[in-house]
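Results of the structural survey
These are the residues of each chain, in order.
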Amino acid sequence: MAELIKQHLIDPEICIRCYTCEEACPIDAITHNDDNVVVDASKCDYCMACISPCPTGSIDNWRVVKTAYSLEEQFSWMDLPEQEELSDGGDGAGATIEALDDAVHALLAEAHQGAGGRSLAPASASKASVNLFSPGKPVEATVQGSYRLTTEESDSEVRHIILDLGSTVFPVLEGQSVGINPPGIDSNGKPFVPRLYSISSPRDGERPNTNNLSLTVKREEQGVCSNYVCDLQKGDKVQLSGPFGSTFLMPNDRDAKLIMVCTGTGSAPFRAFTIRRQRTSPDISNSLMLFFGARTPQSLPYFGPLNKMPQEFLATHFAFSRIADLPRVYVQDRLRQAGDELAPMLLDASTYIYVCGLKAMEVGVEQAFEDIARGAGLNWQEIKNTMRESGRYHVETY
Amino acid sequence: MSDPLSVNYDTQIPNNVDLSSDRRVLRALEKWHPGYLNWWNQLIPEKFQKSNVYLRTAIGVDPQGWAKFDYVRMPEYRWGVLLAPQVEDRRIPCGEHAGEPAWQEVPGEYRSMLQRLVVIQGDTEPASVEQQKHLGLTAPSLYDLRNLFQVNVEEGRHLWAMVYLLHKYFGKNGREEADDLLRRSSGSEEAPRMLGAFNEATPDWLSFFMFTYFTDRDGKMQLESLAQSGFDPLSRTCRFMITEEAHHMFVGETGVGRTIQATCEAMVKAGITDPYDINAIRDLGVIDLPTIQKKANLHYSLSLDLFGSEVSTNAANAFNAGIKGRFMEAKIDDDHKLQGDQYTVRRFTKDGIVEESVPALSAINLRLRDDYVKDASGGVKRWNHMIKKTGVEFEMTLPHEGFHRQIGEFKAASITPEGDIISSEEWEARKNDWLPTTADGDFVKSLMVPVTEPGKYASWIAPPRMGIDNKPGDFEYVQLHMA
């Protein structure tokens, strides 16, 4: 199989030849003639510095190709060629680019597998910047604070860690992830592969207009990276890559209804979603639902603040599986209980479903939706496909 | 010292020039600020001041930081002072000082020349907001309304940029000039704006698009040449302004394009093949292509006048002094001094239009204008491509450089768009074929009805190919304040 290239192209029909991108490119990969502004595939290293300065959006075009279009070909275009059909697979022709590093790309592809097909961002979502800092060229962030979210008695330690980006511009969207490279080398003498963590703060920071972001990290007994991250102290420096992910994003739409299903640290993106909504549209009610599973209230991250949320703004449905003398309840049980409310939402084009947490939760959640759909005389697989193809069904599990 | 890439919001005036440690300039700007707000508030109708507009605000001057989109009420837009990062060891790019370190302070010998350049540039910025103040009431869509306001707030910020330079580097004189920028007003009898084209009203949206396409493009060329200045603070200021100016070009090019597209599509739908069947086409609620061509003729010729006389000692002096360069100076392969070089000028003489070789230094204005013509023809090519795609037979053209000129070599001449010299009687008899008439203007104005439903557009203009910030078609770009 020939190796496929993701080629960065500019749509000549939309481009107005202002050369802003050419100025923005740090390595002179962009050039022009009298007709078109074009990207040299042999030089472009996907740093994305040209993307946001473009006034037209013409800059943000990508084609997966076997042979890169030459400068001369691009100079002669009046329109952008369609994505060619690439029968030999690769990573899917024209797939949304979530990350440009193969390792990170693979991690995200795996995390999104549960959606049952190619993930798409909500149509109204803000455009995500990806790969501004690659794992090989990370940015240094400073630990601003690290707080234990679960009680001391709880057997799980989940921490809320705030990373300050100083003066580095690191634009993130709710639902995106960052990579952390733990220092040191593994048993084979190689550097550790980066670990991805969902950002749990909204795009404008923990507090509005602060240049920081937060992560929600659970300490795993054998986890090299989670122990490293959970042990970080205020003032420590961390090597951060990202942002990554361009599909698990929230819609920019006041009418959108979000059904969020999570366990444990899978709550991170939903904290970001909720705070974003609170900051932009605090007046909207009855459009956010959170199904959240944990062993006990003591081990459920953000239990305190979540309990203070007005139910009209965020309807919370907690499921606890290890409370003494009580039957075990899982998120899928809570979903079924809310079935009457959820069923009509499945057909509503403004409904978005997000599932985030451990891989193990997928099956139960899937079955719950199937039951709810069947009860209403609907076909869940069809609904799911429709939703996914319109950017309204998202799974991120690990 | 604050980080020059991020914007400091500590003081009232967001900036990346460490204003808080420059008390003198900060105080001067804070004193100027209320007058500015007052100017802004009197200009834009209150209903729009209170509306939420989806605007782009710069939070840093590097590629990742300067395009942040969110809803903002315009009076709360963070106008500020943003300069492109300082390039280490930058050198004067042209003229007799080429190769010497760029000036960080105003060189005494060029003080008045520099101040004049800054004042002229500064004067155009608020002028265009004044010219466009009525347009909000007839916007063909919320998308276009948002684009208008984005252009307006950025012109406002560009005024700030020039005022900063005046306050920081030009002392008491500079402060007085800064005040005068708010005192002069577009079209005013007593105190008009400095350049002719900026005293003409922008009566309708097609004029606005033509203005942003042709006249703002002159602004871009001027900024490009000032960005080459050996006076580093001016260069850095203009470099950042150019990134914003690109949006204005975008509004113009796509605005005219969408107007043309709506016309062609309506013609095809109605089965009209003759683009000159003007009444039938106008009955479709779109603007006929010949009228669009007339508007282009007008705005193009007015914009050519903005470049000044083809042969000019002022321009030669500014280039030679190294305070204003050529378009993309750094990419031009010559000695950047032009001492012995020649340039070809077209002159109007009794023998017709003749080419004459003159010292290149004296033809700096023409050189910039020639680059402009090339730049401006790019969009025309795109428009024609669009027309062709619909099957309509019509071609937009740029008129001859001598057509309808008030300044320079051709001001005394009567020249057709094709470049033929005619008598002034013939000009009078035929000018209505080439320039918009009052009746044309009245027709265009009759189509200017506001459309405020998200995702809907007035009949005479097609929806854009892409949303701003990748937003979907029915995005509510302006949340109108309902009084």
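Cut-offs and rules
- Residues numbered from 1 in each chain as written.
- Chains lettered and ligands numbered in written order.
- Predicted model: local features only at pLDDT ≥ 70, side-chain atom pairs only at ≥ 80, totals over all residues.
- Helix = DSSP H or I, 4+ residues; strand = E, 2+ residues; numbered from the N terminus.
- Buried ≥ 20, exposed ≤ 12 C-beta atoms within 10 Å, placed from the backbone.
- Contact = placed C-beta atoms within 7 Å.
- Nonpolar A, V, L, I, M, F, W, Y, C, P; charged D, E, K, R; others polar.
- Pairing = 2+ DSSP bridges.
- Axes fitted to C-alpha atoms, helices over the stretch in contact; angles between N-to-C directions.
- Parallel < 35°, antiparallel > 145°, perpendicular 65-115°, else oblique.
- Left-handed = near helix turned anticlockwise from the far one by under 90°.
- pLDDT = per-residue confidence, 0-100.

In terms of helices and strands, chain B carries 13 helices and five strands. Of all 483 residues assigned to chain B, the portion counted as buried reaches 51%. The long-range share in chain B, meaning contacts at least 24 apart out of those at least 6 apart in sequence, stands at 69%.

Right, let's get into the overall build of chain A. Of the regular secondary structure elements, chain A holds 10 helices and 15 strands. Burial statistics for chain A: of 398 residues in total, 44% are counted as buried. For chain A, restricting intrachain contacts to residue pairs at least 6 apart in sequence, the fraction spanning at least 24 positions comes to 75%.

With 24 residues of chain A in contact, the opposing surface of chain B contributes 27 residues. Here the residues of the side of chain A that touches chain B sort into 13 nonpolar, eight polar and three charged.

Below, the discussion takes up the pairing of strand β7 (residues 177-180) of chain A. Residue and element names in this part refer to chain A. By the alternation rule, side chains of β7 split into Ser 177 and Gly 179 and Val 178 and Ile 180, which are all buried. The pairing of β7 with strand β8 (residues 195-198) spans four bridges and is antiparallel. Looking at β8, one finds that Val 178 is bridged to Tyr 197. As paired strands, β7 and strand β10 (residues 237-244) are joined by three bridges and run antiparallel to one another.

Take the sheet that holds strand β9 (residues 212-218) of chain A next. All names here are of chain A. Overall, antiparallel pairing links the six strands, which are arranged β8-β7-β10-β5-β6-β9 in an open sheet. In this open sheet, the two strands that pair with only one neighbour each are β8 and β9. Mean inter-strand twist for the sheet, computed between neighbouring axes without regard to direction, equals 40°. As defined by bridge partners, strand β6 (residues 158-164) adjoins β9 across seven bridges and the pair is classed as antiparallel. Its bridge partner lying in β9, Ile 162 is registered against Ser 214.

Across residues other than glycine, the phi torsion is negative in most instances, and most of the peptide bonds are trans. Following Gly 242 of chain A, the chain continues to Pro 243 of chain A via a peptide bond in cis, the omega torsion being -10°. Of note, Pro 243 of chain A is situated in strand β10. In this model, Asp 18 of chain B sits at a positive phi of 55°, which is unusual for a non-glycine residue. Within the fold, Asp 18 of chain B resides in the segment before α1 (23-43).

Our next topic: the environment of Tyr 19 of chain A. Residues and elements named next belong to chain A. The residue Tyr 19 is located in the loop between β1 (5-9) and α1 (20-24) in this model. A C-alpha to C-alpha distance of 9.9 Å links Tyr 19 and Val 38, two positions 19 residues apart in sequence. Excluding anything up to four places from it in sequence, Tyr 19 contacts His 32 and Val 37.

Next up on the list: the pairing of strand β14 (residues 351-357) of chain A. Residues and elements named next belong to chain A. Where burial is concerned, most of β14 is hidden: seven out of the seven residues are buried. Because side chains alternate across β14, one face comprises the buried residues Thr 351, Ile 353, Val 355 and Gly 357, and the other comprises Tyr 352, Tyr 354 and Cys 356, equally buried. Pairing of strand β11 (residues 257-263) with β14, which is carried by six bridges, proceeds in the parallel orientation. Bridge assignment links Lys 257 to a residue of β14, and that residue is Thr 351. Relative to strand β15 (residues 393-397), β14 runs parallel, the two being bridged by five bridges. Residue pairing across strands places Cys 356 opposite Glu 396, the latter belonging to β15.

It is worth spelling out the packing of α1 of chain B against helix α5 (residues 171-183) of chain B at this point. Residue and element names in this part refer to chain B. Where α1 meets α5, the axes come as close as 10 Å, and the angle between the chain directions of the two elements is 10°. One element, α1, and the other, α5, form an angle in the roughly parallel class. Contacts from Ala 28, Trp 32, Gly 35, Tyr 36 and Trp 39 in α1 reach Arg 175, Ala 178 and Leu 182 in α5. Partitioned by chemical class, the residues of the contact of α1 with α5 number six nonpolar, one polar and one charged.

What follows is about the packing of helix α6 (residues 205-226) of chain B against helix α9 (residues 289-305) of chain B. For any two helices packed against each other, the geometry is given by the interaxial angle and the distance between the axes. All names here are of chain B. Here α6 crosses α9 at 30°, and the two axes come no closer than 9 Å. With respect to their mutual orientation, α6 and α9 come out roughly parallel. Remark: the crossing between α6 and α9 carries right-handed chirality. Contacts between α6 and α9 involve Leu 206, Ser 207, Met 210, Phe 211, Phe 214, Thr 215 and Asp 218 from the former and Ile 292, Lys 295, Ala 296, His 299, Tyr 300 and Ser 303 from the latter. Considering only residue class, the contact of α6 with α9 consists of seven nonpolar, four polar and two charged.

This next bit is on the sheet that holds strand β1 (residues 52-57) of chain B. All names here are of chain B. The sheet built from three strands is open, its strands ordered β2-β1-β5 with antiparallel pairing. The sheet is open, and its two borders are formed by β2 (68-73) and β5 (478-479), each paired with just one other strand. Summarising the sheet, β1 and β2 pair through six bridges and their orientation is antiparallel. Across the sheet, the residue bridging to Asn 52 is Arg 73, located in β2.

Let us now look at the environment of Glu 73 of chain A. The topology assignment puts Glu 73 of chain A in helix α2 (residues 71-76). Along the primary structure Glu 73 of chain A and Val 38 of chain A are separated by 35 residues, whereas in three dimensions their C-alpha atoms are 9.7 Å apart.

Our focus in this paragraph is the confidence of the model for chain B. The predicted model of chain B averages 92 in pLDDT, with 96% of residues at 70 or higher. Overall fold confidence for the complex sits at a pTM of 0.69, while the interface term, ipTM, reaches 0.79.

Below, the discussion takes up the environment of Gln 381 of chain A. Checked against the element boundaries, Gln 381 of chain A lands in helix α10 (residues 380-389). Residues Gln 381 of chain A and Phe 369 of chain A, 12 residues apart in the sequence, show an inter-C-alpha distance of 9.4 Å.

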